[in-house]
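Remarks on the overall topology
Here is what each chain is made of, one letter per residue.
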Number of protein chains: 2
Amino acid sequence: MIDIQPVLNGDRLALSRLLSQIENDTEIGQEALAKLFLHGGKAQLIGITGAPGTGKSSLVNQIAYHYRHPADGGQPMRLAIVAVDPSSPFSGGAVLGDRIRMNALIGDAGVFIRSMASRGSLGGLAKTTAGVVQAFDAAGFDVILIETVGAGQAEVDIARLAHTTIVVEAPGLGDDIQAIKAGILEIADILVVNKADRPGLEQTERALKNMLQLAHPGRRVFQNLGYSEKENGSQENEPIWLPPILRTIATDATGIPELLSSISAHRHHLEKTGDLARRDRARLASELDIMIESALITRWRNRLPDGAYRTMLNRLVARKLSPHQAAQELIRTEVQS
Amino acid sequence: MIDIQPVLNGDRLALSRLLSQIENDTEIGQEALAKLFLHGGKAQLIGITGAPGTGKSSLVNQIAYHYRHPADGGQPMRLAIVAVDPSSPFSGGAVLGDRIRMNALIGDAGVFIRSMASRGSLGGLAKTTAGVVQAFDAAGFDVILIETVGAGQAEVDIARLAHTTIVVEAPGLGDDIQAIKAGILEIADILVVNKADRPGLEQTERALKNMLQLAHPGRRVFQNLGYSEKENGSQENEPIWLPPILRTIATDATGIPELLSSISAHRHHLEKTGDLARRDRARLASELDIMIESALITRWRNRLPDGAYRTMLNRLVARKLSPHQAAQELIRTEVQS
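Reading guide: rules and limits
Residues numbered from 1 in each chain as written. Chains lettered and ligands numbered in written order. Predicted model: local features only at pLDDT ≥ 70, side-chain atom pairs only at ≥ 80, totals over all residues. Heavy atoms only, no water. pLDDT = per-residue confidence, 0-100. Contact = heavy atoms within 4.5 Å. Pairing = 2+ DSSP bridges. Helix = DSSP H or I, 4+ residues; strand = E, 2+ residues; numbered from the N terminus. Axes fitted to C-alpha atoms, helices over the stretch in contact; angles between N-to-C directions. Buried < 20%, exposed > 50% of the residue type's maximum accessible area, 1.4 Å probe, protein only. Salt bridge = Lys/Arg side-chain N within 4 Å of Asp/Glu carboxyl O. Phe/Tyr/Trp six-rings, centres within 6.5 Å; stacked < 30°, edge-to-face > 60°. Parallel < 35°, antiparallel > 145°, perpendicular 65-115°, else oblique. Left-handed = near helix turned anticlockwise from the far one by under 90°. Nonpolar A, V, L, I, M, F, W, Y, C, P; charged D, E, K, R; others polar.

Structural notes on the confidence of the model for chain A
- The predicted model of chain A has a mean per-residue pLDDT of 79, with 76% of residues at 70 or higher.
- Every residue in residues 217-236 of chain A is under pLDDT 50, and counting partners more than four places away or in other chains gives 59 contacts.

Now the structure itself:
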């Protein structure tokens, strides 16, 4: 039986050790999460995602610094940063290791930075990230920044953990940027054009505006494994959130106060419309789906007779049957055993 | 009963219709795939992946053109291009639609271009892409180019479909490029620095070389749901493939003949060492895993009593239990029904 009280009390070493257990998906980690989850639900979750080269890490750095040093002289927020590295799906470890960065924040007891590595299995990263976020939430952090690189399905899943999702762009990143944005725009609550002192700013902003119009702003459908529900649309006269497009230069903090105001405005919008509760529900549904997938696969694998997979793969390689047929036979094997 | 003979005979309209069935994962599509699979296994599968802004699409264009117009005056290859767009996970459709591009190839009866859209579910894109590749293979295309954007888990899964995986970079894309490459480098057989006339070329090449050394070249472990096997390493004196780093400028075809030579050399390496068979096996295992995941989820959902998911989600939202506990209870529900 793991004692979660030190984590709830804010013991950094206990938290750090627990995060490793969660990342390695140990039984201790699972047991602790089950307990910690009941203490959570209070933190504000902010996702920051975008393509490489947008200066996203510098932006996270600035957001964190401004939450720690409020311009109005108010109480600094306790803040956690979860940086999701697209590390190897094969080696199971972080190639780069925990990055040393955020110099202004190092040594600040109100800040906790955690770099995540992919853990091999499909959906593994989204699952462990959800666990790490839950641990920070239960440990009493006011704000949790979740930074993801790229725009793959895993990143989208992780972005869905957040209450407010910020999508970062930069001028002049080339043609493919159009393709990337098609998927990611629909999860954006706030759009940031960072490196706003670079040539091509207006062009990037115009492209974003055009794509926003295509993306049906203010309307989102969450598709879950079990059922679907609309986040908006139930009430006719509900105010609709139109994602603002902001300019920042993270290297000299230009536009950061405006970005924080926008995050705050989005938070108020979520509370006022009831979207906060709906979004929390959708987020938990998404976490539940990931857990169900993982549990189904684990159960199936544990029940599979020795050698059944290898035998089926041999038949597949010999093209005696199709992958679909092979999968159907293999999951029938499980049921009979 | 669907008649696959027109597809096997090279009827483009029949193929096009079938691809839609496969993308929509219909019963007709599944039935056709089960039959087509038995006719496949002959095509050369080449994956091309990289971050936005690297000019990857232009490179695909050039590779295709050179396969259609061989420098040695030989027989042109029949060639299919599968372009995987990171489209919306919510809307279930392509936002941008099929891109009009590859002007030099349009109207060429020996070329078939298909843009893929994400189909919502986790692993859905990798699954339908595998199906589309199998259909092209059975339809007699000699070479299938699979183009993916970004470096998420889904892209890595798709890249694993290929015999030869080309990872595209470009000079001066910023700091985050380091993080992206950590994961993608391990799946690279050939590295291309495109836009080689841009400043920062040597720096990018140096960074790639350094990371290649970290990535343990020539050694790959494929982790499957059922078991693991090493691709290399069984024989002591086997030649090891060191991914070359090539320079290209896709806009004026610089370096494309060298790239095609390198693809050809890698193919010969795979054949000589037996890696071709091992890689085919790993690829089929990966497709099988995706099918198993999908089949497990579908079966679970079909057996779930009405309202069970919603009731459990309500308890989860009220924080009466953890996602892990909720998932365990939900998969037990299935077993008892």
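Focus on the sheet that holds strand E1 (residues 44-50) of chain A
Residues and elements named next belong to chain A.
- Overall, parallel pairing links the seven strands, which are arranged E3-E2-E4-E1-E5-E6-E9 in an open sheet. Strand pairing shows two members of the sheet lacking a second neighbour, strand E3 (111-116) and strand E9 (245-247), which therefore form its edges. Each neighbouring strand pair of the sheet contributes to a mean axis angle of 20°, computed without reference to strand direction.
- As judged from the seven bridges shared by E1 and strand E4 (residues 143-149), these two strands associate in the parallel manner. Among the inter-strand pairings, Gly47 is bridged to a residue of E4, identified as Ile146.

Structural notes on the pairing of strand E6 (residues 190-193) of chain A
Residues and elements named next belong to chain A.
- Burial of E6 is two-sided: the residues Ile190 and Val192 facing one way and the residues Leu191 and Val193 facing the other way are all buried.
- Relative to E6, strand E5 (residues 164-169) runs parallel, the two being bridged by four bridges. If you follow Glu169 over to E6, its bridge partner there is Val193.

Quick look at the pattern of salt bridges
All names here are of chain A.
- Tallied over the full model, the rule gives 20 salt bridges over all chains.
- Between Arg283 and Glu287 there is a salt bridge whose closest N-O contact spans 3.5 Å. Within this pair, Arg283 and its partner Glu287 are both found in helix H10 (residues 275-303), separated by four residues, close to a single helical turn.
- Across the salt bridge formed by Arg315 and Glu329, the nearest N and O atoms sit 3.4 Å from each other. In this pair, Arg315 is assigned in helix H11 (residues 308-317) and Glu329 in helix H12 (residues 323-336), connecting sequence segments 14 residues apart.
- On the basis of relative accessible area, Arg315 is assigned to the partly exposed category, the value being 35%.
- Residue class for Glu329 comes out partly exposed when judged on its relative accessible area of 29%.

Focus on the packing of aromatic side chains
Residues and elements named next belong to chain B.
- Inspection of the entire model under this criterion finds six aromatic pairs over all chains.
- Where Phe112 meets Phe141, the ring centres are 6.3 Å apart and the plane angle is 80°; that geometry is what we call edge-to-face. Here Phe141 lies in the loop between helix H5 (124-138) and strand E4 (143-149) and Phe112 lies in strand E3 (residues 111-116), a separation of 29 residues in the sequence. You'll find Phe112 and Phe141 in the same group, each marked buried.

Overview of the sheet that holds E4 of chain B
Residues and elements named next belong to chain B.
- If you trace the seven strands from one edge of the open sheet to the other, you get E3-E2-E4-E1-E5-E6-E9, paired in parallel fashion. Each having just a single partner strand, E3 and strand E9 (245-247) make up the two edges of the open sheet. When strand polarity is set aside, the average angle formed by the axes of neighbouring strands in this sheet is 20°.
- Judged from the five bridges that link them, strand E1 (residues 44-50) and strand E5 (residues 164-169) form a sheet pairing that is parallel. Its bridge partner lying in E5, Gly47 is registered against Thr165.
- The strands touched by helix H4 (residues 56-68) within the sheet are E1, strand E2 (79-84), E3, E4, E5 and strand E6 (190-193), with E4 carrying the most contacts at an inclination of about 175°.

Observations regarding the environment of Gly29 of chain A
All names here are of chain A.
- Considering the arrangement of structural elements, one finds Gly29 in helix H3 (residues 27-37).
- Relative accessible area serves as the criterion here: at 2%, Gly29 is assigned to the buried category.
- Counting along the chain gives twelve residues from Gly29 to Arg17, while the straight-line C-alpha distance between them is 9.6 Å.

Comments concerning the packing of helix H2 (residues 12-23) of chain B against helix H3 (residues 27-37) of chain B
All names here are of chain B.
- Contact pair H2 / H3: the axes reach a minimum separation of 7 Å and the direction vectors enclose 110°. Looking at the two axes, H2 sits roughly perpendicular to H3. Taken as a pair, H2 and H3 cross one another with a handedness that is left-handed. Only Ile28, Gly29, Ala32, Leu33 and Leu36 of H3 make contact with H2, whose side of the interface consists of Leu18, Gln21 and Ile22.
- Here the residues of the contact of H2 with H3 sort into six nonpolar, two polar and no charged.

Quick notes on the packing of helix H9 (residues 256-273) of chain A against H10 of chain A
Residue and element names in this part refer to chain A.
- Look at H9 against H10: their axes get within 5 Å of each other, and the N-to-C directions meet at 95°. Taken together, H9 and H10 sit at an angle that is classed as roughly perpendicular. Note on element contacts: H10 touches H9 through Asp275, Leu276, Arg278 and Arg279, opposite His266, Arg267, His269, Leu270, Glu271 and Thr273.
- Considering only residue class, the contact of H9 with H10 consists of two nonpolar, three polar and five charged.

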